[in-house]
Amino acid sequence: MNKTYRTFLYVITDWATALFGWILFFVYRKYVIEPEKFGYQISIEIDKNFIAGALVVPVLWLVLYAMSGAYHEVFRKSRIRELIRTFNTSLLGVLVLFFSLLLDDEVNSYKSYYNSIIALFTIHFSITYVARYILVYQQRKQFSERKIGFNTLIIGNSTKASNLYKELENGESQGYFIRGFMHTDETHDKDLIELLPDLGHWNEVSKIVKEKNIEEVIVAIESSQHIQLNKILNLLEGEPVKIKVLPDMYDILSGSVKMNQLFGTPLIEVNTQIMPDWQQALKRLIDVMVSIFVILVFWPIYLVLAILVKLDSKGPVFYNQERIGFRGKPFKIHKFRTMKVNAENSTPQLSSNSDDRRTKIGVSLRKFRLDELPQVWNVLIGEMSLVGPRPERQFFINQIIEKAPHYNHLLKVRPGITSWGQVKYGYAENVDEMVERLKFDIIYIENMSLSLDLRIMFYTFWVVLKGRGK
């Protein structure tokens, strides 16, 4: 399945329907609204206002659609959800357009305003949903004909897993292309071995997800194996897959799951969405805008700090270090250098308040966290966010996971320049302190919102003013 092509198809369709809807509304205003005011028929002219609206309005609709999540997971759309999403975004968009572009129109009475809102909403919503319905219908038809689908992995090797596979394959297609199963013990169901390839033990699921390009994982284990479920979910944290389990496991799952009735096979989908789509889009927009602002406005401070670092000790101005980011992807984090060259030999080390590896200027930079300023570049290019769990090196992650396997939960979001753990706990000097700080980052992820981000940024600013870094 070509996700890029399908997304482009939705975008270009939405652009075309938004343009057509705006043109029809323009005609409606000329034939209905304006004659009520002036008392005679108004001729339709292609003037600069019409051209400006035709260029700008469809783009505004696309931005609103993107922020609402319309182009997220385009292969998983349903007709009902698309109806609700289109209705809500159309209503919001019409209100925005009315108050920004139409409120100063010359009208005969306030009734004309109400008529304009109703007409614009009816035209735009009807055209947009009909076009989207056609796209979704065609897509669902391709699923039913097994022309497209999701690479799927079954975890489990019992009769339950075998029966699940037979039900998915023999019934109406639900979009699953089963690529194999992973066993949880050595007692294999005979039918399953004949039907599907055994891809190994479940503790290697992350490796198989990458090798087989798996998009969905269905956990089909016995009730006696429930204790393994959390371990499986921990391994899958940060992986770009949908996770589903059989309904009889519902009693051991938290409220982060939702029931999904899929034709004849009911499955429970583990909800991995941290924030609503519109908040995620707005969070990313804030990251980009703040990063650009900091770089353009505070470049003199960057220059002064770079000179101070260079004059203070031999070595480069910036220190670049590999960290593990979103979904386990490595990236280079950028800082002003605060330690002597070759401060670490072969074994990674954490810093402390009495660390003699720090340079003179490095002590001050770390105290007020000015060494973190270059990371706005990481934020700008999408490797980090302003707020999120601090990224760690793989060396320390391996040690943390031995004590706290749920660390993988942090890989579901972009790491940040500052975090709730950083504000509440501060810098960690050893792995045990990293594990202790981890609980604050987990709390942040479970309660992630724009309002919480603003509070964390406020407290971070207060910490910087007080010089509580190290």
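Residues numbered from 1 in each chain as written. Predicted model: local features only at pLDDT ≥ 70, side-chain atom pairs only at ≥ 80, totals over all residues. Heavy atoms only, no water.

At Asn213, a residue that is not glycine, the phi angle is positive and equals roughly 55 degrees. Inspection of the secondary structure assignment puts Asn213 in the loop between α7 (205–211) and β4 (216–219). Of the residues examined, Asn213 reaches a relative accessible area of 52% and is grouped as exposed. Even without being a glycine, Arg327 presents a positive backbone phi close to 55 degrees. Along the chain, Arg327 turns up in the loop between β8 (318–324) and β9 (330–336). (Helix = DSSP H or I, 4+ residues; strand = E, 2+ residues; numbered from the N terminus. Buried < 20%, exposed > 50% of the residue type's maximum accessible area, 1.4 Å probe, protein only.)

So, on to the packing of aromatic side chains. Within the structure shown, the criterion is met by 17 aromatic pairs. For the ring pair Phe395 and Phe396, a centre distance of 5.1 Å and an interplane angle of 85 degrees mean the geometry is edge-to-face. Ring centres of Phe458 and Tyr459 lie 5.6 Å apart, and the angle between their planes is 70 degrees; this geometry places the pair in the edge-to-face category. Since its relative accessible area comes to 37%, Tyr459 is described here as partly exposed. Grouped by ring-pair contacts, the aromatic residues Phe87, Phe121, Phe125, Tyr129, Tyr133 and Tyr137 constitute a single cluster. Between Arg76 and the ring centre of Phe150, over which it is positioned, the NZ or CZ distance is 4.1 Å. A cation over a ring is seen here: Arg414 above Phe326, with NZ or CZ 5.9 Å from the ring centre. (Phe/Tyr/Trp six-rings, centres within 6.5 Å; stacked < 30°, edge-to-face > 60°. Lys NZ or Arg CZ within 6 Å of the ring centre and 35° of its normal.)

In this section: the confidence of the model for the protein. Residue-level pLDDT values for the protein average 84, and 89% of them are 70 or greater. Here strand β6 (residues 257–262) stands out as the least confident element of the protein, with mean pLDDT 50; helix α12 (residues 376–380) is the most confident, with 96. (pLDDT = per-residue confidence, 0-100.)

With that settled, the discussion passes to the pattern of salt bridges. All told, the structure shown has 14 salt bridges when counted by the stated rule. The closest approach of N and O atoms between Arg390 and Glu372, which form a salt bridge, is 3.2 Å. Note that Arg390 is positioned in the loop between β10 (385–387) and α13 (394–403) and Glu372 in the loop between α11 (360–367) and α12, a separation of 18 residues in sequence. Assigned by exposure class, Arg390 and Glu372 land together as buried. Among the charged side chains, a network of salt bridges with common partners joins Asp14, Lys77, Glu82, Arg85 and Arg132. (Salt bridge = Lys/Arg side-chain N within 4 Å of Asp/Glu carboxyl O.)

Turning next to the environment of Gly382. If you trace the backbone, Gly382 turns up in the loop between α12 and β10. Gly382 sits 95 residues away from Asp287 along the chain, and the two C-alpha atoms are 8.6 Å apart.

A rise of 1.5 Å per residue sets the reference length of helix α15 (residues 431–446), with its 16 residues, at 22 Å; its end C-alpha atoms lie 23 Å apart and thus fit the reference within 8%. Restricting attention to buried positions, one finds in α15 the residues Val431, Met434, Arg437, Leu438, Phe440, Asp441, Ile442, Tyr444 and Ile445. Packing partners of the buried residues in α15 comprise α9 (277–297), β10, α13, α14 (420–424) and α16 (450–466). Near the N-terminus of α15, the side chain that reaches the backbone nitrogen of Asp432, with its oxygen 3.2 Å away, is that of Asn430. (Expected span 1.5 Å × (residues − 1). Contact = heavy atoms within 4.5 Å. Polar contact = N/O pair within 3.5 Å; in protein donor to acceptor, adjacent residues only side chain to side chain.)

Interaxial distance between helix α10 (residues 299–312) and α11 falls to 8 Å at its minimum, and their mutual angle equals 145 degrees. On α11, the residues touching Leu305, Leu308, Val309 and Asp312 of α10 are Lys360, Ile361 and Leu365. (Axes fitted to C-alpha atoms, helices over the stretch in contact; angles between N-to-C directions.)

Let's shift gears to helix α8 (residues 227–236). Regarding α8, the residues found buried are Gln228, Leu229, Ile232, Leu233 and Leu236. All buried residues of α8 fall inside an arc of 140 degrees around its axis, so they share one side. One or two residues past the end of α8 sits Gly238, with phi positive at roughly 90 degrees. (Arc of directions from axis to C-beta.)

Burial analysis of strand β2 (residues 176–183) places 6 of its 8 residues in the buried class, which makes it a mostly covered element. In terms of strand pairing, strand β1 (residues 150–155) meets β2 through 6 bridges, oriented parallel. Bridging from a neighbouring strand, Leu153 pairs with Gly180 of β2. In this region the chain leaves β1, passes through helix α5 (residues 159–170) and returns to the parallel neighbour β2; the handedness of that crossover is right-handed. Relative to strand β3 (residues 198–201), β2 is paired through 2 bridges, and the arrangement is parallel. Counted as the bridge partner of Phe181 is Asp198 from β3. A crossover links β2 with its parallel partner β3, the connecting element being helix α6 (residues 190–195), and its sense is right-handed. (Pairing = 2+ DSSP bridges. Right-handed = clockwise from strand over helix to strand, strands pointing away.)

The next point concerns the nonpolar core. The biggest cluster of nonpolar side chains holds 41 residues, and the ones touching the most others in it are Phe336, Tyr444 and Ile456. Looking at which element gives the most residues to this core, the answer is α15, with 7 residues. Not counting chain neighbours up to four residues away, the residues in contact with Ile456 comprise Val387, Thr418, Ser419, Trp420, Val423 and Tyr444. Core analysis: the next-biggest nonpolar cluster, separate from the first, contains 30 residues, Trp22, Leu62, Ala70 and Ala119 among them. (Core = buried A, V, L, I, M, F, W, Y, C linked by side-chain atoms within 4.5 Å.)

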